[in-house]
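# Topology and contacts: notes
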Amino acid sequence: EDSAHSLTEFGYSFICGLEAYRDDPDFELFDLMLCGAVHPSIVRDQQDMLRELQNLIWACQGSNDQGPRSGGRITSTMTSPNPNQVSRRVIRAVLRAVFPDKTDERHNALRRALHETLQHYCETGKTMDADSAYIHDLFSTSTDGEQSSLIEEVRRQHYYEVIEFTKE
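Residues numbered from 1 in each chain as written. Predicted model: local features only at pLDDT ≥ 70, side-chain atom pairs only at ≥ 80, totals over all residues. Heavy atoms only, no water.

## With respect to the packing of aromatic side chains
Across all of its chains, the model carries three aromatic pairs by this definition. Measuring from ring centre to ring centre gives 5.9 Å for Phe10 and Phe14, while their planes differ by 25°; the resulting arrangement is stacked. In this pair, Phe10 and Phe14 are both assigned in helix α1 (residues 2–20), four residues apart and thus about one turn of the helix distant. When its relative accessible area of 54% is taken as the criterion, Phe10 is described as exposed. For Phe14, a relative accessible area of 33% gives the class partly exposed. Relative to Phe30, the ring of Phe14 lies with its centre 5.9 Å away and its plane at 85°, an arrangement referred to as edge-to-face. (Phe/Tyr/Trp six-rings, centres within 6.5 Å; stacked < 30°, edge-to-face > 60°. Helix = DSSP H or I, 4+ residues; strand = E, 2+ residues; numbered from the N terminus. Buried < 20%, exposed > 50% of the residue type's maximum accessible area, 1.4 Å probe, protein only.)

The structure is reproduced here in structure tokens:
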């Protein structure tokens, strides 16, 4: 009886913890998997999507300012003060190209998340202005699992779009 009570208490605490951190995409996704709303393979799909998005941003930034991409790093004979930075304009263009079927509301949410991300980087000294970011910073994950607001919004939209698609 004592172990059953402890197990019930653990389960209740676990569910409350998921609800408390529901705004975090990792917790929200885990909750949706537990409820059966999404298949666990969505995690791999998301990782693939983010990797391709990052590669495309590197390629667009490289062709825009820096030259050819090689081995995951930009290489160029041109001198540039910030060879690993990407502008807001390039990021927005890539998001439009990669996600052409998103609603205006979802694109607006991505623009707001991008603005928040760039402002945060400027305020914390990661960039000198709020119109660009280091590509690595956009896609990095902190030791406690946090990602940029932009990437969290991309991930959040991805799994909700999967849920919507599977309901149809």
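Having seen it, we continue.
## Focus on helix α4 (residues 88–98)
Inspection of α4 places Arg88, Val90, Ile91, Val94 and Leu95 among the buried residues, and these make up the whole buried set. Buried residues along α4 cover an arc of 165° about the axis, so they all sit on one side. Exposed side of α4, more than 90 degrees from the buried face: Arg89 and Ala97 are the residues found there. (Arc of directions from axis to C-beta.)

## Details of the packing of α1 against helix α2 (residues 25–35)
Relative orientation of the contacting elements α1 and α2 amounts to 130°, with a least axis distance of 8 Å. In terms of orientation, α1 lies oblique with respect to α2. You can see that α1 and α2 cross each other, and the crossing is left-handed. Between α1, through Phe14, Leu18 and Glu19, and α2, the contact on the second element is made entirely by Phe27, Phe30, Asp31 and Leu34. Partitioning the contact of α1 with α2 into residue classes produces five nonpolar, no polar and two charged. (Axes fitted to C-alpha atoms, helices over the stretch in contact; angles between N-to-C directions. Parallel < 35°, antiparallel > 145°, perpendicular 65-115°, else oblique. Left-handed = near helix turned anticlockwise from the far one by under 90°. Contact = heavy atoms within 4.5 Å. Nonpolar A, V, L, I, M, F, W, Y, C, P; charged D, E, K, R; others polar.)

## Re the nonpolar core
Core analysis: the biggest nonpolar cluster contains 22 residues, and Leu138 and Leu150 have the highest contact counts within it. For this core, the secondary-structure elements that each account for two or more residues are α3 (41–66), α4, α5 (104–123), α6 (135–139) and α7 (149–167). Contacts of Leu150, omitting those with residues within four sequence positions, involve Ile91, Leu95, Leu110, Ala113, Leu114, Thr117 and Leu138. Listed in part, the six residues of the second largest apolar core include Val38, Ile42, Tyr159 and Ile163. (Core = buried A, V, L, I, M, F, W, Y, C linked by side-chain atoms within 4.5 Å.)

## Overview of a nonpolar patch on the surface
Residues Leu7, Phe10, Phe14, Ile15, Phe30 and Leu34 make up a contiguous nonpolar surface patch of about 590 Å² in total accessible area. For the nonpolar patch, the elements supplying multiple residues, two or more each, are α1 and α2. (Patch = residues over 30% accessible without salt bridge, like charges linked within 9 Å, V, L, I, M, F, W, Y side chains within 5 Å. Areas by Shrake-Rupley, 256 points an atom, 1.4 Å probe, with all protein chains shown as cover. Salt bridge = Lys/Arg side-chain N within 4 Å of Asp/Glu carboxyl O.)

## Structural notes on the pattern of salt bridges
Any two side chains of opposite charge can pair, on the condition that their charged atoms come close. In total, this model carries six salt bridges according to the counting rule given. Arg88 is paired through a salt bridge with Asp131; the nearest N and O atoms lie 3.1 Å apart. Note that Arg88 is positioned in helix α4 and Asp131 in the loop between α5 and β4 (132–134), a separation of 43 residues in sequence. The exposure class of Asp131 is partly exposed, given its relative accessible area of 41%. Arg106 is the salt-bridge partner of Glu164, the closest N and O atoms lying 2.6 Å from each other. Here Arg106 lies in helix α5 and Glu164 lies in helix α7, a separation of 58 residues in the sequence. The class for Arg106 is buried, based on a relative accessible area of 19%. One network of salt bridges, in which partners are shared, links Lys102, Arg106, Glu161 and Glu164.

## Some thoughts on the confidence of the model for the chain
Caution applies to low-pLDDT parts of the model: their predicted coordinates are not meant to be read in detail. Taken as a whole, the chain shows an average pLDDT of 83; of its residues, 87% reach a score of 70 or greater. Residue range residues 65–81 is modelled with pLDDT below 50. Its contacts to residues more than four positions away, or to other chains, number 21 contacts. (pLDDT = per-residue confidence, 0-100.)

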